[in-house]
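# Structural description and commentary
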Amino acid sequence: MTQKEQHKKLGDTLWGIANDLRGAMNADDFRDYMLSFLFLRYLSSNYEEAIKKELGSDYPKPTKDDGRTPLGIWYAANAEDIPEFEKQMRRKVHYVIKPQHLWNNISEQARTQDGELLVTLEEGFRYIENESFDNSFQGLFSEINLNSEKLGKTPAERNKKLCFVIQKIAEGISDFSTDTDTLGDAYEYLIGQFAAGSGKKAGEFYTPQQISTILSEIVTLDSQDPSTGKKNKLDKVLDFACGSGSLLLNVRKRIKDNGGTVGKIYGQENNITTYNLARMNMLLHGMKDTEFEIFHGDTLKNQWDILNEMNPSKKTEFDAVVANPPFSLRWEPNDTLAEDFRFKSYGLAPKSAADFAFLLHGFHFLGKEGTMAIILPHGVLFRGGAEERIREKLLKDNNIDTVIGLPSNLFYSTGIPVCILVLKKCKKEDDVLFINASEHFKKDKRQNSLSKKHIESIVDTYKYRKETERYSRRVSMEEIKKNGYNLNISRYVSTAEDEIQIDLNKVNENLTSINEQIEKKTKEHNEFLKDLGLKTI
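Below is a summary of the structure that appears in this document. (Residues numbered from 1 in each chain as written. Predicted model: local features only at pLDDT ≥ 70, side-chain atom pairs only at ≥ 80, totals over all residues. Heavy atoms only, no water.)

## Considering the nonpolar core
- Core analysis: the largest hydrophobic core is formed by 110 residues, its most contacted members being Leu 14, Phe 37 and Tyr 47.
- Per-element accounting of this core gives the leading share, 15 residues, to helix α2 (residues 27-55).
- In contact with Leu 14, other than residues within four places in its own chain, are Met 34, Leu 38, Ile 169, Ile 173, Ala 186 and Leu 190.
- Core analysis: the next-biggest nonpolar cluster, separate from the first, contains 47 residues, Ala 241, Phe 318, Leu 359 and Ile 374 among them. (Core = buried A, V, L, I, M, F, W, Y, C linked by side-chain atoms within 4.5 Å. Buried < 20%, exposed > 50% of the residue type's maximum accessible area, 1.4 Å probe, protein only. Helix = DSSP H or I, 4+ residues; strand = E, 2+ residues; numbered from the N terminus. Contact = heavy atoms within 4.5 Å.)

## Regarding the packing of aromatic side chains
- Within this structure, the stated rule accounts for 14 aromatic pairs.
- Their ring planes at 10 degrees and their centres at 4.1 Å tell us that Phe 125 and Phe 141 sit as a pair that is stacked. Within this pair, whereas Phe 125 is found in helix α6 (residues 117-132), its partner Phe 141 is found in the loop between α6 and α7 (155-173), the two being separated by 16 residues in sequence.
- Since its relative accessible area comes to 1%, Phe 125 is described here as buried. (Phe/Tyr/Trp six-rings, centres within 6.5 Å; stacked < 30°, edge-to-face > 60°.)

## Considerations on the pairing of strand β5 (residues 366-377)
- Counting buried positions over the 12 residues of β5 gives 10, a clear majority of the element.
- Both strand β4 (residues 318-323) and β5 contribute to a ladder of 5 bridges, which runs parallel. Looking across to β5, one finds that Val 322 is bridged to Ala 373.
- In terms of strand pairing, β5 meets strand β7 (residues 418-424) through 7 bridges, oriented antiparallel. By the bridge assignment, Met 372 is partnered in β7 with Leu 423. (Pairing = 2+ DSSP bridges.)

## A short note on the packing of helix α5 (residues 103-111) against α7
- One can describe the packing of α5 onto α7 by two numbers: an axis separation of 8 Å at closest approach and a directional angle of 120 degrees. What the angle tells us is that α5 and α7 run oblique. At the point where α5 passes α7, the crossing takes the left-handed sense. On α7, the residues that touch Trp 103, Ile 106, Ser 107, Gln 109, Ala 110 and Arg 111 of α5 are Cys 163, Ile 166, Gln 167, Ile 169 and Ala 170.
- Here the contact of α5 with α7 is built from residues that sort into 7 nonpolar, 3 polar and 1 charged. (Axes fitted to C-alpha atoms, helices over the stretch in contact; angles between N-to-C directions. Parallel < 35°, antiparallel > 145°, perpendicular 65-115°, else oblique. Left-handed = near helix turned anticlockwise from the far one by under 90°. Nonpolar A, V, L, I, M, F, W, Y, C, P; charged D, E, K, R; others polar.)

## Concerning the sheet that holds β4
- Here we have 9 strands laid out as an open sheet, ordered β3-β2-β1-β4-β5-β7-β6-β8-β11, and mixed in their pairing. Each edge of the sheet is formed by a strand with only one pairing partner; in this case those strands are β3 (292-296) and β11 (472-476). Shown here is a sheet whose adjacent strand axes are inclined to one another by a mean of 15 degrees, direction ignored.
- Where helix α10 (residues 246-257) meets the sheet, its contacts fall on β1 (233-239), β2 (261-269), β3 and β4, and the angle it forms with β1 comes to roughly 165 degrees.

## Side note on a nonpolar patch on the surface
- Together, Ile 502, Leu 504, Val 507, Leu 511, Ile 514 and Ile 518 give the surface a local cluster of nonpolar side chains, amounting to about 610 Å² of exposed area.
- Along the polypeptide, Ile 502 turns up in the loop between α17 (489-492) and α18 (504-531). (Patch = residues over 30% accessible without salt bridge, like charges linked within 9 Å, V, L, I, M, F, W, Y side chains within 5 Å. Areas by Shrake-Rupley, 256 points an atom, 1.4 Å probe, with all protein chains shown as cover. Salt bridge = Lys/Arg side-chain N within 4 Å of Asp/Glu carboxyl O.)

## Description of the environment of Pro 333
- When you line up the elements, Pro 333 lands in the loop between β4 and α12 (335-338).
- In this structure Pro 333 comes out as partly exposed when scored by relative accessible area, which is 27%.
- It is 6.3 Å that separates the C-alpha atoms of Pro 333 and Lys 351, two residues lying 18 residues apart in sequence.
- In this structure Pro 333 touches Leu 348, Ala 349 and Lys 351, once residues within four positions along its chain are discounted.

## A short note on the pattern of salt bridges
- Inspection of every chain in the model, using the stated rule, returns 27 salt bridges.
- Close ionic contact of Glu 49 with Lys 52 constitutes a salt bridge, the shortest N to O distance being 3.7 Å. Of this pair, Glu 49 and Lys 52 both sit in helix α2, 3 residues apart, roughly one helical turn.
- Look at Glu 49 and you get partly exposed, because its relative accessible area is 42%.
- Under the relative-accessibility criterion, Lys 52 is labelled partly exposed at 38%.
- The salt bridge involving Asp 431 is made with Arg 474; its shortest N-O contact spans 2.9 Å. With a gap of 43 residues between them, Asp 431 in strand β8 (residues 431-436) and Arg 474 in strand β11 connect regions that are remote in the sequence.
- Exposure remark for Arg 474: the relative accessible area of 33% places this residue in the partly exposed category.
- Counted as one network, the salt bridges with shared partners bring together Asp 401, Lys 424, Asp 431, Arg 465 and Arg 474.

## Considering the packing of α5 against α6
- Contact geometry of α5 with α6 gives a least axis separation of 10 Å together with a crossing angle of 160 degrees. As judged from the angle between their axes, α5 and α6 are roughly antiparallel. As for how α5 packs across α6, the hand of that crossing is left-handed. Counting all contacts with α5, which are made through Asn 105, Ile 106, Gln 109 and Ala 110, the residues of α6 involved are Leu 117, Thr 120 and Leu 121.

## Side note on empty space enclosed by the protein
- Enumeration according to the criterion identifies 1 cavity of 30 Å³ or more in this entry.
- What lines the largest cavity is Asp 32, Ser 36, Leu 140, Phe 141, Glu 143, Ile 144, Thr 273, Asn 276, Leu 277 and Met 280.
- Those elements that provide at least two residues to the lining of the largest cavity are α2 and α11 (272-284).
- If one sorts the elements of the lining of the largest cavity by residue count, α11 sits on top with 4 residues. (1 Å grid on protein atoms, 1.4 Å probe; cavity = no way out; pocket = protein on both sides within 12 Å on 5 of 7 lines; lining within 4 Å. Points joined across faces, edges and corners; volume = space filled by probe spheres on them.)

Structural data, given as structure tokens:
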């Protein structure tokens, strides 16, 4: 079994457990419990491996009848050394977990139906949030309500339900590797499965992997000349509407798979539950808490201090910006925002649709040699008013590099077709590349999807700026200006096949010839009828 197959098998196993166990519970609620338990399993496994290395020959080997974890045995025998030991572990793995809060202890309590499981789990989650990490991981499990009546009406019922759920998860994952690739991919797979099951709500936190791949490939290619291939290093990467963080992780993976390095990734998320999912997702993929920063706050209000530096020389800039913000979100533009450094030169997006507000936010923080790729509804390409003025300025400043039209029904949150806008501050070409991929997809039962071939076609067309009939075309700024800075893709690249030209003279000649042949054959036929004494026709 290949590594990829093993990752999918673990994902399928966990998804099967989720479907069996959640019963009447809402999929989103159960998702948060299950992913938190998977996260605890990862933290525990990673921590125990580090302990083994740290303690070496002093690492205890429990006897069969001793129900304690090895760390629990060591703590009991070395009480005076615990503070120094934990200080050392914080230096090495950046966090600490008490013996009683380790997954092996929790799963053993679940197996033995221990009545104190609920209390131990609550204490463990609170410790990890408030004391385990040196860095800011407060509130990591804030949305996990272990006292929710959804788990049971009484503490005893809730304890029993948790014992059952944790025991099944422990059994299901016991045969699989605990490395970051395996558990990280399983986590991503489960997020995708829960997203598919929760329909429209999923748009809040999940970008389908195939679309995530397109954006990631584009922003990791050289900005000035994509045909030269991928960049070797990205110092800073931003997703200002990061959801569960999968898009950021995808960008990081593309660079690392190519032998490159990523300095730090930055994400912002307004939904508290999704914000916590993103932080867990980073750690599950083997990232140290110093390698990423996820901020909880409203992007449009720009509540993040690092993005609020008024001194231009100290402004934080990013080598790559990616985003899949909420489509056509209603917002509250006001006089203060009109003077905001992000929007001042362009004007404010209309109250009915914040699409351009999101775009301008990301574009403001894009570095001079960076690439930005953002998913937006098609309306941004042709709507008038304030959006037309913003679009016109971006075009006149030569900042819009590529417009990519995607097929409809690719997202869990909407069936409408969407587009990807690629923006740069270092663009050399004085044209805009249009890619109309709206009819290039695989039709599945509930949704459309993009195959590997479809994704490669889009990326290669962008990379080499290729022109292909009924698929892609480089359009001059002069032509776009003549069209009133309207970027409606079908206006420049139509997928309709040309109508076959009909030569009416030729058709008339053919009909005349056929008629002459009919008359000739009719005469011959009548001669036979006369010979037979029959009535002619």
